[in-house]
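Structural overview for review
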Amino acid sequence: MQKNLIPLSPGGLFHVYGRTNGREKLFREEANYHYFLKLYQKYIHPWAITYSYCLMPNHYHFLIHIKDEEELILYFNHKHPSGLLSKQFSHLFNSYAKAYNKRFLRSGSLFERPFKRKRVEDEVYLKRLVHYIHFNPVQAGLSQTPESYKYSSYRAICSRNKSSHIDR
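Analysis parameters
- Residues numbered from 1 in each chain as written.
- Predicted model: local features only at pLDDT ≥ 70, side-chain atom pairs only at ≥ 80, totals over all residues.
- Heavy atoms only, no water.
- Patch = residues over 30% accessible without salt bridge, like charges linked within 9 Å, V, L, I, M, F, W, Y side chains within 5 Å.
- Areas by Shrake-Rupley, 256 points an atom, 1.4 Å probe, with all protein chains shown as cover.
- Salt bridge = Lys/Arg side-chain N within 4 Å of Asp/Glu carboxyl O.
- Lys, Arg positive; Asp, Glu negative; His and termini not counted.
- Charge placed at Lys NZ, Arg CZ, Asp CG, Glu CD.
- Helix = DSSP H or I, 4+ residues; strand = E, 2+ residues; numbered from the N terminus.
- Buried < 20%, exposed > 50% of the residue type's maximum accessible area, 1.4 Å probe, protein only.
- Pairing = 2+ DSSP bridges.
- Axes fitted to C-alpha atoms, helices over the stretch in contact; angles between N-to-C directions.
- Contact = heavy atoms within 4.5 Å.

What follows concerns a negative patch on the surface. On the surface, Asp68, Glu69, Glu70 and Glu71 cluster together into a patch of negative charge. Residue position: Glu70 is located in helix H2 (residues 69-76). What makes Glu70 exposed here is its relative accessible area of 58%.

Most of strand E2 (residues 48-55) is tucked away, with six of its eight residues classed as buried. Of the pairings in the sheet, the one linking E2 to strand E3 (residues 59-66) comprises seven bridges and is antiparallel in character. Each residue of the ladder has a partner; that of Thr50, found in E3, is Ile64. Taking the residues that link successive antiparallel strands as the turn, the E2-E3 hairpin has three residues.

The antiparallel open sheet is built from four strands, whose spatial order is E2-E3-E1-E4. In this open sheet, the two strands that pair with only one neighbour each are E2 and strand E4 (116-119). Within the sheet, the average angular offset between the axes of one strand and its neighbour, ignoring direction, is 20°. Against the sheet, helix H4 (residues 123-139) contacts strand E1 (13-19), E2, E3 and E4, and its axis sits at roughly 150° relative to E3.

Structure follows, in structure tokens:
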């Protein structure tokens, strides 16, 4: 782990983001987006509450709240779960890269390492971040409005559907 990389700590609110090496496409087909989110549900959802996300063609953003230490101890069955949190993201990225490499007949690392994270400590930054995450596709010219972009949490947040994995 790099010196200035803050650890994902229990109870913390974080902006987690990253991109591919060489700005290569991370998602070449619609199925890639769905598979990445499926892996996210498997590796991240059990120990983090997701408030917003956006999957862009060559990068991703998540706003997550790490569950409290007591919940993490139960989930990981480990007295000191903090070090295991980054490993869960590693499992997500490695699983996705392995399937992606196989599907597109490529080899090597897909993601820049390490993935980035910023601790969210004030409400002003939190509000700006949620806006930034959802308006990213609009700024990039991928959609006219945040609600028209299929690979973000914007519609789930605005929906009355309770089956969403997004916490409002």
